[in-house]
Amino acid sequence: MKKKLSIFAFGLLFIFSIFAQDTQNIEHMLKESTELFSEKKYEKSVKKINEILEYYAAQDLEISENVTLMAETVYSQWLDNLLLNQDINGYKLLREMLQRHPFQVSGKIYKRLDQMYELEKAEINSKMEKASEKYRSSQWLEYNDMLKNIKMKQDDLIAVLDGRKSLNEILQKDKILEELRIQDRKQKALKAFTYIIIGGFIALIGVIIRNIIKRRKTEEKFEVIMNVVSFMNKQEKATSKQKGKREKTEPLLDLKPSVLLELEKECNDLGSKIDSLTGRKNNSRKVSELVYKMAKKLNISDESALIFFCAGMVYDCGFLAVDKSVFETDHLSIKQREWIRDHVNNAEKYFNFIPKEILPVFLDAAEYHHENFDGSGYINGMHEKEIPLVARLIHTAESYVSLVNKRSYRDIMDKEKAIAELKRRPGVYDPKTIEVLEEII
């Protein structure tokens, strides 16, 4: 009896492990679809959703609400994009995908499908009119057949979405026509593939050129700022007695513009390595830009704000001492959590390029950005103004960026909700930093 119970329990555990693995796979594909959607790669995002829909169909399961919502979102956005660009070929692909992977669509998608159908019909009618002026025979008849064909496909698609027909019925009906068109489809597929390759190559060149231009503009902007800073620093020294008090953690230096420009470049490169390791796309840049703007709102000098900007790109460099596999793990062990937590103690080894005059600022940023305003943070349990200003700014900026850039689409917050969430955690952040953040976003 005990043996039978053991076998039964083992079977249940085995089935549960398979179900859990499938659930994790679906969540992973949902995250991938969300990332592609946020990058405006709508077709690829739809393909990921279709993989999930195929799984539900194979298991004869009811599609979950979050999957239906995501499918509705990506298909709807792709349709909007196709309408905007009047992309008939893209619509044909979408129609085929939607027919093969139906789900409970909304009225908005039905409306967009009708609009795309009318657009495709209008294009063929235009070709018919031109052809009828010249040929009045074979070419006109060819376009007339095309009109009948797209009408049939539109009707079939709606029938599948409404549940009046199954995909097998549609495929059976199309079997003979498909054999006649197979050669033509191959040619079109080859042509489409060629266009994709050419378009992708052109897009890649465009991205490279855009990045080069953006980089040059950034360097030019920094050079102008540095020249202004240099002049302002001289003015500050001449009139320092007339200026109000500043935070004692603010570095008052006179670094050369070339030094700050080189520092910005080094920090940007290091920040990219951190983001690549942790999987947080552009996190370092987003945080550092917010830190700079917040510092300026607090009346911090230009030079100090720019040093804070650089520190904001590399405050998490201690993560580079943590094994990459830790960041790819869904559930961290106690030991792995300790490694993550200890990243604040591992930064100094990566700061060998920082000028010694401003190194304390970078160490403040790296070591104390998890200190809470009420003393509940780590590593030292500092309170309020004991926490260096740069660390307080980074703590607030990092949390805000995290809230508006979650990987799961259900957790993404808009700006107002993100600010409200920060305010909902009294004692964690410096209230003044939240106030200035709210002013600049």
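Quick note: structure is the one above.
Note that the coordinates shown come from a computational prediction; the quantities given were computed from them, not determined experimentally.

I tried to follow the pattern of salt bridges on my own but got confused; where do I start?
Two side chains carrying opposite charge are able to pair once their charged atoms lie near each other. Overall, the coordinates contain 22 salt bridges when judged by the stated rule. For glutamate 120, the salt bridge identified is with arginine 95, shortest N-O distance 3.2 Å. With glutamate 120 in helix α5 (residues 107–134) and arginine 95 in helix α4 (residues 88–100), this residue pair connects regions lying 25 residues apart in the sequence. Residue glutamate 120 is classed as buried on the basis of its relative accessible area, which comes to 2%. Between lysine 423 and glutamate 438 there is a salt bridge whose closest N-O contact spans 2.9 Å. Here glutamate 438 lies in helix α16 (residues 431–440) and lysine 423 lies in helix α15 (residues 415–423), a separation of 15 residues in the sequence. By relative accessible area, which is 47% here, lysine 423 ends up partly exposed. Owing to a relative accessible area of 39%, glutamate 438 belongs among the partly exposed residues under this scheme. Sharing partners across several salt bridges, the network here consists of Glu32, Lys48 and Glu51.

I keep staring at the nonpolar core and nothing clicks. Help me out?
If you look at soluble globular proteins, the nonpolar side chains tend to sit buried side by side. Ranked by internal contacts, the top residues of the largest apolar core, which has 49 residues, are Phe351 and Phe362. Of all the elements in the fold, those that place two or more residues in this core are α8 (257–278), α9 (283–297), α10 (302–314), α13 (359–368), α14 (389–404), α15 and α16. Sort the elements by how many residues they give to this core and α10 lands first, with nine residues. Sequence-distant contacts of phenylalanine 362, defined by excluding residues within four places in its chain, comprise Leu263, Cys267, Ile307, Cys310, Ala311, Val314, Phe351 and Ile354. Counting residues in each nonpolar core, the second largest holds 35 residues, with Ile26, Tyr75, Leu82 and Val105 among its members.

What exactly am I supposed to notice about the packing of aromatic side chains here?
When we look at a pair of aromatic rings, we describe it by the centre distance and by the angle of the planes. Taken as a whole, this structure holds four aromatic pairs when the rule is applied. Each ring, one from tyrosine 292 and one from phenylalanine 309, has its centre 6.2 Å from the other, and the planes form 80°; the classification is edge-to-face. A residue pair is termed long-range when its members are at least 10 positions apart, and tyrosine 292 in helix α9 and phenylalanine 309 in helix α10 qualify at 17 residues. Taking the relative accessible area as the measure of exposure, phenylalanine 309 reaches 5% and is therefore buried. Taking 5.4 Å as the distance between ring centres and 90° as the angle between the ring planes, the aromatic pair formed by phenylalanine 319 and phenylalanine 327 counts as edge-to-face. Residue classification places phenylalanine 319 among the buried positions, given a relative accessible area of 8%. In this structure, arginine 341 packs its charged tip against the face of tyrosine 378, placed 3.9 Å from the ring centre.

I'm lost on unusual backbone geometry in this one. Help?
Peptide bonds are mostly trans, and most non-glycine residues show a negative phi. Residue isoleucine 379 is reached from tyrosine 378 by a cis peptide bond, and omega for that bond is 20°. Residue position: isoleucine 379 is located in the loop between α13 and α14. One non-glycine residue, lysine 40, lies in the positive phi region at around 65°. Within the secondary structure, lysine 40 sits in the loop between α1 (2–38) and α2 (42–58). With phi around 50°, glutamine 86 is a residue other than glycine that occupies positive phi space. Looking at the element boundaries, glutamine 86 is found in the loop between α3 (65–85) and α4.

Sorry if this is basic, but what is going on with the packing of α3 against α4 here?
Packing of α3 against α4 leaves a shortest axis separation of 10 Å and a crossing angle of 160°. Relative to α4, the element α3 is oriented roughly antiparallel. Here the hand of the crossing between α3 and α4 comes out left-handed. Facing α3, whose interface residues are Tyr75, Trp78, Leu79 and Leu82, α4 presents Gly90, Tyr91, Leu93, Leu94, Met97 and Leu98. Taken together, the residues of the contact of α3 with α4 sort by class into nine nonpolar, one polar and no charged.

Sorry, what's going on with the environment of serine 272 here?
If you trace the backbone, serine 272 turns up in helix α8. Relative accessible area serves as the criterion here: at 43%, serine 272 is assigned to the partly exposed category. Measuring from C-alpha to C-alpha, the distance between serine 272 and arginine 285 comes to 8.5 Å, with 13 residues separating the pair along the chain.

Criteria and cut-off values
Residues numbered from 1 in each chain as written. Predicted model: local features only at pLDDT ≥ 70, side-chain atom pairs only at ≥ 80, totals over all residues. Heavy atoms only, no water. Salt bridge = Lys/Arg side-chain N within 4 Å of Asp/Glu carboxyl O. Helix = DSSP H or I, 4+ residues; strand = E, 2+ residues; numbered from the N terminus. Buried < 20%, exposed > 50% of the residue type's maximum accessible area, 1.4 Å probe, protein only. Core = buried A, V, L, I, M, F, W, Y, C linked by side-chain atoms within 4.5 Å. Contact = heavy atoms within 4.5 Å. Phe/Tyr/Trp six-rings, centres within 6.5 Å; stacked < 30°, edge-to-face > 60°. Lys NZ or Arg CZ within 6 Å of the ring centre and 35° of its normal. Axes fitted to C-alpha atoms, helices over the stretch in contact; angles between N-to-C directions. Parallel < 35°, antiparallel > 145°, perpendicular 65-115°, else oblique. Left-handed = near helix turned anticlockwise from the far one by under 90°. Nonpolar A, V, L, I, M, F, W, Y, C, P; charged D, E, K, R; others polar.

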